[in-house]
Amino acid sequence: MEYWAEIVGQPEAVRTLDAAAAPDAAPSHAWLITGPPGSGRSNLAFRFAAALISRGPDREAVFAQVRARTHPDLGVLTTQKLLIDIKAARDIVTTAHYSPAEGRYRVIVIEDADRMPERTSNVLLKALEEPPERTIWILCAPSEADLLPTIRSRARSLRLVTPGAADIARLLHERDGMDAELAERAARLAQSHIGMARRLASDPEALARRERTLDAALGVQTLGDAMRAAATLVKVAEADAAALTETLDQREREDALRSLGLAAGAAIPPQMRSQIRALEEDQKRRATRSLRDGIDRILTDLLSLFRDVLLTALHGEPALINRERAAAIADLAERWGAERALAVVTAVEVARERLGRGITPGLVLEALFATQSSADTLVPGAAEIGAPR
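These notes cover the structure that comes with them. (Residues numbered from 1 in each chain as written. Predicted model: local features only at pLDDT ≥ 70, side-chain atom pairs only at ≥ 80, totals over all residues. Heavy atoms only, no water.)

### Some details on the side chain of glutamine 372
Assignment of secondary structure puts glutamine 372 in helix H14 (residues 361-373). A polar contact of 2.7 Å, which involves the side chain of glutamine 372, links it to the backbone oxygen of alanine 217. Once residues within four sequence positions are removed from consideration, glutamine 372 is found in contact with Ala217, Val220, Phe306, Trp336, Arg340 and Val344. (Helix = DSSP H or I, 4+ residues; strand = E, 2+ residues; numbered from the N terminus. Polar contact = N/O pair within 3.5 Å; in protein donor to acceptor, adjacent residues only side chain to side chain. Contact = heavy atoms within 4.5 Å.)

This is the structure we're talking about:
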């Protein structure tokens, strides 16, 4: 099982997929891997893909190509946009009929399969109804409910669990060489989200941005504080999104210029400008999605803070997520009481739902902090801030 060692907290899933990828096995033609954010859906999917393609001793070498998305028997459908468009789905379905070039199977991984609208899903459905003999589909989504019933019924479902913070901390310490104390803190603050835990442990700026988020929330007492906190956190999210996308954008541009036979910084001939403009448009869409994802991460961090306040107000002895803020949490719990703390926790959940509906992030945060600042659970009209018109 050494091949699967980096898959954290999913022993049952690993056993199932390892058996399915065995040389004498007859794996299902389609798999649906579901699990909460940070559970490792994509990592597991690509490990499984490499195991299916591999002919045995070359597993690790195949996985290196799969991880780099360069193996000829791997197809990947993903998006940096809010939705996977129908053209991309049609293109990947066409490749599903290719025979494997080197491995045992051709494997197609669809990340964020929950981002397929119905029209796009129907394109995939036809491919799943009449699967080529040596092609295997692996779909990833938060839950089965995020896909059409007709898609779910044609795939073998594998549900992942939220990995334990201790398991993630051990991975960061033993495999990535992180300091044990820092690894524990990162895993706890990330609430067992593997990717975020690694980022918090390896990037001091990411950890500092999270601390600024909690500082802003804990400083809200008046409606004016609420508006300032909302503006501050939009800037935090923008900085976070820029940090994630800037390096990737530059690398993509350099790769695009190289593929066109141009040196970095060279003037772009008129006949090639359309390709670069298309790349820039894709990068702008990714930046928009990255900002919304950053706001959602902020809301997740705030939810952890107010959850700590609620549990403390209930006079339990909770295992605090934000242990370093224990004194401020206890003070807020005493001032608010359980009822108001519960109202604020609910307000964060409402904010996440509004963000998912496409409401402007700044308005979403203003409505949330207006709720927090009110001595009466809600400022008059706060529930309507950012509501669709």
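### Digging into the packing of helix H13 (residues 326-356) against H14
At a closest axis distance of 9 Å, the pairing of H13 and H14 adopts a crossing angle of 170 degrees. Comparing the axis directions of H13 and H14 gives the class roughly antiparallel. On the side of H13, the interface is formed by Trp336, Arg340, Val344, Ala347, Val348, Ala351, Arg354 and Leu355, while H14 contributes Pro361, Val364, Ala367, Leu368, Thr371, Gln372 and Ser373. Across the contact of H13 with H14, the residue classes break down as 10 nonpolar, 3 polar and 2 charged. (Axes fitted to C-alpha atoms, helices over the stretch in contact; angles between N-to-C directions. Parallel < 35°, antiparallel > 145°, perpendicular 65-115°, else oblique. Nonpolar A, V, L, I, M, F, W, Y, C, P; charged D, E, K, R; others polar.)

### A look at the environment of leucine 332
By secondary structure assignment, the location of leucine 332 is in helix H13. Once the C-alpha coordinates of leucine 332 and phenylalanine 306 are considered, the two residues, 26 residues apart in sequence, prove to be 9.3 Å apart. Aside from chain neighbours lying at most four places away, what touches leucine 332 is Leu218, Val309 and Gly337.

### A word on the packing of aromatic side chains
The relative placement of two aromatic rings is captured by the distance of their centres and the angle of their planes. Counted by the stated rule, this structure contains 4 aromatic pairs. Centroid distance tyrosine 3 to tryptophan 4: 5.1 Å. Interplanar angle 90 degrees. Geometry classified as edge-to-face. In this structure tryptophan 4 comes out as buried when scored by relative accessible area, which is 2%. Taken together, the ring pairs in this structure connect Tyr3, Trp4 and Phe63 into an aromatic cluster. Looking at arginine 47, its charged tip hangs above the ring of phenylalanine 63, at a distance of 3.7 Å from the centre. Above the ring of tyrosine 3, the side-chain terminus of arginine 59 is found at 4.8 Å from the ring centroid. (Phe/Tyr/Trp six-rings, centres within 6.5 Å; stacked < 30°, edge-to-face > 60°. Buried < 20%, exposed > 50% of the residue type's maximum accessible area, 1.4 Å probe, protein only. Lys NZ or Arg CZ within 6 Å of the ring centre and 35° of its normal.)

### Some details on the side chain of aspartate 301
With respect to the helices and strands, aspartate 301 occurs in helix H12 (residues 273-313). Assessed through its relative accessible area of 14%, aspartate 301 is described here as buried.

### With respect to the sheet that holds strand E4 (residues 135-141)
Here we have 5 strands laid out as an open sheet, ordered E2-E3-E4-E1-E5, and parallel in their pairing. Edge positions in the sheet fall to strand E2 (74-77) and strand E5 (156-159), since each of these pairs with one other strand and no more. Adjacent strand axes in the sheet meet at a mean angle of 20 degrees when their direction is disregarded. As judged from the 5 bridges shared by strand E3 (residues 106-110) and E4, these two strands associate in the parallel manner. By the bridge assignment, arginine 106 is partnered in E4 with threonine 135. Where helix H2 (residues 41-53) meets the sheet, it contacts strand E1 (30-34), E2, E3, E4 and E5, and its direction lies at approximately 170 degrees from that of E4. Helix H4 (residues 86-95) contacts E2, E3 and E4 of the sheet and is inclined by roughly 165 degrees relative to E2. (Pairing = 2+ DSSP bridges.)

### A look at the nonpolar core
The tendency in soluble globular proteins is for nonpolar side chains to be buried as a group. Leu233, Leu299, Leu302, Phe306, Leu365 and Phe369 are the most contacted members of the largest nonpolar core, which has 38 residues in total. For this core, the elements supplying multiple residues, two or more each, are helix H10 (204-218), helix H11 (223-259), H12, H13 and H14. Excluding its chain neighbours within four sequence positions, the residues that come into contact with leucine 233 are Arg212, Thr213, Ala216, Ile295, Ile298, Leu302, Leu365 and Phe369. Residues Phe46, Phe48, Ala51 and Phe63 belong to the second largest nonpolar core, which totals 31 residues. (Core = buried A, V, L, I, M, F, W, Y, C linked by side-chain atoms within 4.5 Å.)

### With respect to H4
Restricting attention to buried positions, one finds in H4 the residues Ile86, Ala89, Ile92, Val93 and Thr95. Capping of H4 at its N-terminal end is provided by aspartate 85; its side-chain oxygen lies 3.2 Å from the backbone amide nitrogen of lysine 87.

### Quick look at the pairing of E1
Within a regular strand, side chains alternate between the sheet's two faces. Of all 5 residues that make up E1, 5 are buried, and the element is covered over most of its length. Alternating residues of E1 divide into Ala30, Leu32 and Thr34 and Trp31 and Ile33, and every residue in both groups is buried. Of the strand pairs in this sheet, E1 and E4 are connected by 5 bridges, and their pairing is parallel. Paired with threonine 34 across the strands is alanine 141, a residue of E4. One ladder, built from 4 bridges, connects E1 with E5; its direction is parallel. Its bridge partner being in E5, leucine 32 is matched across the sheet by serine 157.

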